[in-house]
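Summary of the model geometry
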Amino acid sequence: VAAALCAWEYEKLCAASGIPRCPFLVCAMSLAFLGGALWPEAYGPSEVLLAGLVALMAWGLFARLDLKRFLAGVSASLFGAVYVGFLLGLVLRLHAAPEGQGPRLIFLACLLVWAGDTAAYYVGRAFGKRLLAPRVSPKKTWEGAFANAAAGVLAACVAKWTFFPELGWVDAAVLGLLLTTVGQMGDLFESAIKRGGDVKDSSGILPGHGGMLDRLDSLLFSGPVLYYYHQVVMA
C-alpha cells in the first residue's frame, strides 16, 4: 500500500513539473519490484524492467504524447518505478536476513532515520544559521545536518545496548553516520522534485505530515544502503 501511494504521489509531482504521467503503470511496476523481492525464485528486477519498459514505450506511442515530451514522460515513469519499487524492494530483502535479524535491521534503519530527522529539526530551528542546500530546502542547515549524524550514531549505540546486541561497535558508528547522511540526501532529493513542480508536500494523505513519499523519502535511500552493507560487511 505504501509503495502504491508513493508511486502515485511521485506521478503527481511529475505532472506538477509538466511531465506526462502514467500512474497506473508506475504503480504496477513498483508493486512488481516488491513481488520480486518477496519471491526472488519467481522473477527478478531485470524481468520487471523489461516488461515495464515495453509497456511504457507502448503507452508513450499510443497515448499520442506530445513528441517534445515523449522522452521525458517515459523516462520519468521508468525512473519512478525504480525509485519507489526497486528501492523499497531492497528494504523488503532485509527481512530475509538470517538468524532472525531481518525485522531488527528494518527497525534499525527506521530508528536511525527518525532519530536523525528529529535532532536535525530541533537543532536546526534553535541553532541553525548556515543553509545546507538553499535552492532545494530553505530551512535545512549544516548545524541540523551535524545533529542528524550525531543522533544517528547515538541511536545505533542504543540499538546495540537494547535489541541488537550482536551489532558491533564499529558497525554501529559507521551505520549511524552512513544511514543518516544518505537518508538526508534522500530527503533533499525528494525536496528537489517537489520544488521543480512548486509543490510543498507530495500529498495531504497524512494531515500535518504531508504524503507517504514525504515520510519514506529518507528510508528509500538508507534502507538499500543498509541492505548492501549487511550483505558485504555484516553477513
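Owing to the predicted nature of the structure, the values given are computational and were not obtained by experimental measurement.

About the cut-offs
- Residues numbered from 1 in each chain as written.
- Predicted model: local features only at pLDDT ≥ 70, side-chain atom pairs only at ≥ 80, totals over all residues.
- Heavy atoms only, no water.
- Helix = DSSP H or I, 4+ residues; strand = E, 2+ residues; numbered from the N terminus.
- Rg over C-alpha atoms; globule rule 2.2 N^0.38 Å.
- Buried < 20%, exposed > 50% of the residue type's maximum accessible area, 1.4 Å probe, protein only.
- Contact = heavy atoms within 4.5 Å.
- Areas by Shrake-Rupley, 256 points an atom, 1.4 Å probe, with all protein chains shown as cover.
- Lys, Arg positive; Asp, Glu negative; His and termini not counted.
- Charge placed at Lys NZ, Arg CZ, Asp CG, Glu CD.
- Core = buried A, V, L, I, M, F, W, Y, C linked by side-chain atoms within 4.5 Å.
- 1 Å grid on protein atoms, 1.4 Å probe; cavity = no way out; pocket = protein on both sides within 12 Å on 5 of 7 lines; lining within 4 Å.
- Points joined across faces, edges and corners; volume = space filled by probe spheres on them.
- Nonpolar A, V, L, I, M, F, W, Y, C, P; charged D, E, K, R; others polar.
- Pairing = 2+ DSSP bridges.
- Patch = residues over 30% accessible without salt bridge, like charges linked within 9 Å, V, L, I, M, F, W, Y side chains within 5 Å.
- Salt bridge = Lys/Arg side-chain N within 4 Å of Asp/Glu carboxyl O.

Right, let's talk about the overall build of the protein for a bit. Counting its regular elements, the protein contains eight helices and two strands. Counting from the amino terminus, the protein carries its helices and strands in the arrangement α-α-α-α-α-β-β-α-α-α. Taking 2.2 N^0.38 as the reference for a compact globule, 235 residues should give roughly 18 Å; the C-alpha atoms of the protein span a radius of gyration of 19 Å, in line with that estimate. Taking the principal axes of the C-alpha coordinates as reference, the protein spans close to 55 × 45 × 30 Å. When burial is assessed residue by residue, the protein has 47% of its 235 residues classed as buried. For the protein, restricting intrachain contacts to residue pairs at least 6 apart in sequence, the fraction spanning at least 24 positions comes to 67%. Summed over its atoms, the accessible surface of the protein is roughly 12,000 Å², and 69% of this surface lies on carbon and sulfur atoms. For the protein, the centre of its 18 positive side-chain charges and the centre of its 16 negative side-chain charges are spaced 8 Å apart.

In this structure, Tyr10, Tyr83, Leu108, Leu112, Leu175, Leu213 and Leu226 are the most contacted members of the largest nonpolar core, which totals 36 residues. Per-element tally for this core: the top contributor is helix H8 (residues 212-234), with eight residues. In contact with leucine 213, not counting residues within four places along its chain, are Cys6, Glu9, Tyr10, Leu13, Tyr83, Glu190, Ser202 and Leu220. Listed in part, the twelve residues of the second largest apolar core include Cys22, Cys27, Phe33 and Leu65.

Glycine aside, a negative phi is what most residues show, and trans is what most peptide bonds show. In the Ramachandran plot, glutamate 99 falls in the positive-phi region, its phi being about 60 degrees despite a non-glycine side chain. By relative accessible area, which is 72% here, glutamate 99 ends up exposed. At aspartate 198, a position not held by glycine, the phi torsion is positive, near 55 degrees. Considering the arrangement of structural elements, one finds aspartate 198 in the loop between helix H7 (169-196) and H8.

Of the voids in this model, the largest pocket is the one considered here, and its volume is about 1,300 Å³. For the lining of the largest pocket, the secondary-structure elements that each account for two or more residues are helix H5 (102-127), strand E2 (137-141), helix H6 (142-161), H7 and H8. By residue number, the principal contributor to the lining of the largest pocket is H5, which donates nine residues. Split into classes, the residues belonging to the lining of the largest pocket amount to ten nonpolar, twelve polar and 13 charged. Along the walls of the second largest pocket sit Ala37, Leu38, Pro40, Leu92, Arg93, Leu94, His95, Ala96, Ala97, Tyr227, His230 and Gln231, which together make up its complete lining. Counting residues per element, the ones that place at least two in the lining of the second largest pocket are helix H2 (23-38), helix H4 (67-94) and H8. In terms of residue class, the lining of the second largest pocket is made up of eight nonpolar, three polar and one charged.

Our next topic: the pairing of E2. Bridge count for strand E1 (residues 131-133) against E2 is two bridges, and the pairing is antiparallel. If you follow alanine 133 over to E2, its bridge partner there is serine 137. Remark: three residues form the turn of the hairpin made by E1 and E2, two consecutive strands paired antiparallel.

Quick look at a nonpolar patch on the surface now. Taken together, the side chains of Leu50, Leu53, Val54 and Met57 make up a nonpolar region of the molecular surface, amounting to roughly 350 Å² of accessible area. Mapped onto the elements, leucine 53 comes out in helix H3 (residues 45-62). A relative accessible area of 33% places leucine 53 in the partly exposed class.

Shape descriptors only; they carry no functional weight alone.
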